[in-house]
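Next come the chains, spelled out residue by residue.
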Amino acid sequence: MKSVPHATSLRRAPVQRRSAERLTRILDACAELLDEVGYDALSTRAVALRAGVPIGSVYRFFGNKRQMADALAQRNLERYTERVTERLKKARTGDWRAAMDAVLDEYLAMKRTAPGFSLVDFGNQIPVGVRQAEPNTRVADRLTDLLSGYLGRTPDDELRRVFLVAVESADTLVQLAFRTDPAGDEAIITETRELLRAYLGRVLD
């Protein structure tokens, strides 16, 4: 079963396929309800009802809604990584501009279409509304590991620092774009892309 969060975010990791499918339904329901009612009004009981599972099934995996939102954020990161990986299969190896476009485009696509994503992201806004630095470090590390081979670079501390700066910069500007326009202000997104190209070109060209 793809896109199940890492076991550390769960009380109990799913072992059987049926259990993994139930977890997927719970997280799907959580994501839908986040968009509909927001985090404050979200409840484990409402998630169980929407998912069509007993409330005990929710508590089998999660102690509270915060843990559920964190698991959703981890699943978002896994799905994002999968999407970027698929894009890179169609790009020319070593083309960092194509890689950067894939990274930014897939993030924007999830921001616009993935249920619950605008509220929990990759964990940046858990508790909802509070942006934290740690998830961006996790994203930067994931991208370093994913892109280093594609770019023919060593995943050393310098490359990790470069990607962390790029992720932090893009995160701030994308948030600005979506505050300016709920669909994402295209002019700000264009400026974000140009800024990333100028910064990464200094290091990767």
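Structure's up top.
Just so it is clear, the structure is predicted and the values come from calculations on it, not from any experiment.

About the thresholds
- Residue positions within a chain follow its written sequence, with the count starting from 1.
- Selection of residues for local features in this predicted model requires a pLDDT of at least 70, selection of side-chain atom pairs for listing and counting requires 80 or more, and totals for whole chains, interfaces and linings are taken over all residues.
- The side-chain numbers reported here are obtained from all heavy atoms of the structure, hydrogens and water having been left aside.
- Categorising residues by exposure relies on relative accessible area from a 1.4 Å probe, with only protein chains included: less than 20% of the type maximum marks a residue as buried, more than 50% marks it as exposed, and the intermediate range marks it as partly exposed.
- Counting from the N terminus, the helices are DSSP H or I runs at least four residues long and the strands are E runs at least two residues long.
- Here the arc refers to the set of directions running from the helix axis out to each C-beta atom.
- The working definition used for a salt bridge is a side-chain nitrogen of Lys or Arg within 4 Å of a carboxyl oxygen of Asp or Glu.
- Buried residues of nine kinds, namely Ala, Val, Leu, Ile, Met, Phe, Trp, Tyr and Cys, make up a nonpolar core once their side-chain atoms join them within 4.5 Å.
- Note on contacts: a residue pair is in contact if any heavy atoms of the two residues lie within 4.5 Å.
- Put simply, two rings from Phe, Tyr or Trp (the six-membered ring, in Trp's case) pair if the centres are within 6.5 Å, and we call them stacked under 30 degrees between planes, edge-to-face over 60, tilted for the rest.
- Should the NZ of a Lys or the CZ of an Arg lie within 6 Å of a ring centre and within 35 degrees of the ring normal, that charge is described as sitting over the ring.

Caption draft 1: Layout of helix α2 (residues 44-51). Those residues of α2 that sit buried are Thr44, Val47, Ala48 and Ala51. Buried residues in α2, looked at end-on, bunch into an arc of 100°, giving them a common side. Exposed and facing more than 90 degrees away from the buried side of α2 are Arg45 and Leu49. Just beyond α2, the residue with positive phi is glycine 52, at close to 75°.

Caption draft 2: Molecular detail of the pattern of salt bridges. If you walk through the whole model with that rule in mind, you get 17 salt bridges. The residue arginine 75 makes a salt bridge to aspartate 28 at a minimum N-O spacing of 2.8 Å. Taken as a pair, arginine 75 in helix α4 (residues 65-89) and aspartate 28 in helix α1 (residues 17-37) lie far apart in primary sequence, 47 residues in all. Among the residues examined, arginine 75 registers a relative accessible area of 3% and is labelled buried. Aspartate 101 is the salt-bridge partner of arginine 197, the closest N and O atoms lying 3.3 Å from each other. Linking arginine 197 in helix α9 (residues 186-204) with aspartate 101 in helix α5 (residues 96-113), this pair joins segments that are 96 residues apart in sequence. One salt-bridge network, held together by shared partners, links Arg83, Arg87, Asp101, Asp105, Glu106, Arg193, Glu194 and Arg197.

Caption draft 3: Highlighting the nonpolar core. Among the nonpolar cores identified, the biggest contains 38 residues, and Tyr80, Leu147 and Leu200 are the most heavily contacted of them. Within the residue set of this core, elements represented by two or more residues are α4, α5, α7 (134-151), α8 (157-180) and α9. Those residues in contact with leucine 147 that sit more than four places away from it in its chain are Leu88, Ala99, Val103 and Phe163.

Caption draft 4: Structural context of the packing of aromatic side chains. Across all of its chains, the model carries six aromatic pairs by this definition. With a centroid separation of 5.1 Å and 45° between ring planes, the pair formed by tyrosine 80 and phenylalanine 122 is classed as tilted. Remark: phenylalanine 122 occurs in the loop between α6 (117-120) and α7 and tyrosine 80 occurs in helix α4; sequence separation between them is 42 residues. Neither residue differs from the other here; tyrosine 80 and phenylalanine 122 are each classed as buried. Between tyrosine 107 and phenylalanine 117, the ring centres sit 5.6 Å apart and the planes meet at 70°, which makes this aromatic pair edge-to-face. Of this pair, tyrosine 107 sits in helix α5 while phenylalanine 117 sits in helix α6, and the two are 10 residues apart along the sequence. With relative accessibility at 8%, the residue tyrosine 107 sits in the buried group. According to the relative accessible area criterion, phenylalanine 117 is buried, its value standing at 0%. In this structure an aromatic cluster arises from ring pairing among Tyr80, Tyr107, Phe117 and Phe122. The aromatic ring of tyrosine 39 is capped on one face by lysine 65, whose charged end is 4.6 Å from the ring centroid. The lysine or arginine in question, lysine 111, covers the ring of phenylalanine 178, its NZ or CZ lying 5.4 Å from the ring centre.

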